[in-house]
Amino acid sequence: EAFAYAVDRETIAKKVLQGQESPADGFVPTAVPGHQDAAMTYNYDQEKARAMLSESGYPDGKGLPQMTLYYPGAGPIADAAQAIQSQLRSVGVPVEIAGLDEGAFTEQMISGNFSLFLIGWQADAPNADGYLFPLFDSENIGATDVFKYASKEVDDLLGQARSTTDSAQRAGLYNDAERKVL
């Protein structure tokens, strides 16, 4: 959570990525049915990030292991990685960055050998399921759920959403699942 508060997504989107992207406010993008505004409650607040690090036993980041933020390729994603590195370092998080070619990055990501990574995600179809089910249903651990995220409650919400034909109910279930993950 401290890391999430330490990163200024708004500045990265506007300045680093020159307004070509919008800051993420959840996992489901704005243009996708099922998107909920401000699903993510972590707004940029470096003082809160520092306080949370201290409360967790890592005042000014002291005691945290050296971490590496990996990203695939070069270009704008490398610029975003540099900005994230700077913002995390400003609250005391010891982080380096490393770009890898797509194949090596994917292999490492799937194997779970990263402490931190930066990647974009595009679903095959414009629906909330394509952003939530592959990444957060425990059925996908070892495949697309590279976070090894496991929650029976989220699995149940995603399963219910996938089995209903009522679009409003489905959106509500996906929204609930997204909030639980966040």
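Residues numbered from 1 in each chain as written. Predicted model: local features only at pLDDT ≥ 70, side-chain atom pairs only at ≥ 80, totals over all residues. Heavy atoms only, no water.

Asks: What's the story with the overall build of the protein in this structure? I'm lost.
Replies: In terms of regular secondary structure, the protein is built from eight helices and three strands. Each helix and strand of the protein, ordered N terminal to C terminal, gives the series α-α-α-β-α-β-α-β-α-α-α. Its C-alpha atoms give the protein a radius of gyration of 17 Å, near enough to 16 Å, the size a compact globule of 182 residues would have. For the protein, the C-alpha atoms occupy an extent of roughly 50 × 35 × 30 Å along the three principal directions. The long-range share in the protein, meaning contacts at least 24 apart out of those at least 6 apart in sequence, stands at 63%. Side-chain charges in the protein split into 13 positive and 26 negative, and the spacing between the mean points of these groups amounts to 5 Å. (Helix = DSSP H or I, 4+ residues; strand = E, 2+ residues; numbered from the N terminus. Rg over C-alpha atoms; globule rule 2.2 N^0.38 Å. Contact = heavy atoms within 4.5 Å. Lys, Arg positive; Asp, Glu negative; His and termini not counted. Charge placed at Lys NZ, Arg CZ, Asp CG, Glu CD.)

Asks: Can you help me understand helix H6 (residues 129-136) in this one?
Replies: Given 3.6 residues per helical turn, the α-helix brings residues three or four places apart onto the same face. With respect to burial, H6 is a largely interior element, eight of its eight residues being buried. Burial in H6 covers these residues: Asp 129, Gly 130, Tyr 131, Leu 132, Phe 133, Pro 134, Leu 135 and Phe 136. Among the structural elements, helix H7 (152-163) and helix H8 (167-181) are those in contact with the buried residues of H6. (Buried < 20%, exposed > 50% of the residue type's maximum accessible area, 1.4 Å probe, protein only.)

Asks: Hey, could you run me through the pattern of salt bridges in this one?
Replies: For the structure on display, the rule yields seven salt bridges. The shortest N-O distance in the salt bridge between Lys 152 and Asp 156 comes to 3.0 Å. With Lys 152 and Asp 156 both in helix H7, this residue pair falls four residues apart, about one helical turn. (Salt bridge = Lys/Arg side-chain N within 4 Å of Asp/Glu carboxyl O.)

Asks: Before we go on, may I ask you to explain the sheet that holds strand E1 (residues 67-72) in this structure?
Replies: By definition, the strands of a sheet pair up through backbone hydrogen bonds, in either a parallel or an antiparallel sense. Pairing within the open sheet is parallel, and its three strands lie in the order E2-E1-E3. The two strands at the open ends of the sheet, each matched to only one other strand, are strand E2 (95-100) and strand E3 (116-117). Looking at chain direction, E1 and E3 are connected through two bridges and run parallel. From the neighbouring strand, Tyr 70 faces E3, where its bridge partner is Phe 117. (Pairing = 2+ DSSP bridges.)

Asks: Please clarify how the nonpolar core should be interpreted in this entry.
Replies: Looking at soluble globular proteins, one finds that nonpolar side chains tend to be buried together. In terms of nonpolar packing, the biggest core is built from 26 residues, with Ile 12, Leu 69, Ile 84, Leu 88, Val 93 and Leu 118 touching the most fellow members. Elements with a minimum of two residues in this core: helix H1 (2-6), helix H3 (46-55), E1 and helix H4 (76-89). Counting residues per element, this core draws most heavily on H4, at six residues. Here Leu 118 is in contact with Leu 69, Tyr 70, Tyr 71, Pro 72, Ile 77, Ala 80, Ala 81, Ile 84 and Phe 105, once residues within four sequence places are set aside. (Core = buried A, V, L, I, M, F, W, Y, C linked by side-chain atoms within 4.5 Å.)

Asks: Even after reading the chapter, I still don't get the packing of aromatic side chains, so can you show me in this structure?
Replies: A ring pair, where both rings are aromatic, is described by two values, the distance of the centres and the angle of the planes. Tallying each qualifying case throughout the model produces nine aromatic pairs. A centroid spacing of 5.2 Å and a plane angle of 80° characterise the contact between Tyr 5 and Tyr 42, whose relative ring orientation is edge-to-face. With Tyr 5 in helix H1 and Tyr 42 in the loop between helix H2 (9-16) and H3, this pair connects stretches of sequence that are 37 residues apart. Relative accessible area serves as the criterion here: at 9%, Tyr 5 is assigned to the buried category. On the accessibility criterion, Tyr 42 (12% relative accessible area) is buried. In this structure an aromatic cluster arises from ring pairing among Phe 27, Tyr 70, Phe 105, Phe 114, Phe 117, Phe 136, Phe 147 and Tyr 149. Lying over the aromatic face of Phe 133, Arg 162 brings its terminal NZ or CZ to 3.5 Å of the ring centre. (Phe/Tyr/Trp six-rings, centres within 6.5 Å; stacked < 30°, edge-to-face > 60°. Lys NZ or Arg CZ within 6 Å of the ring centre and 35° of its normal.)

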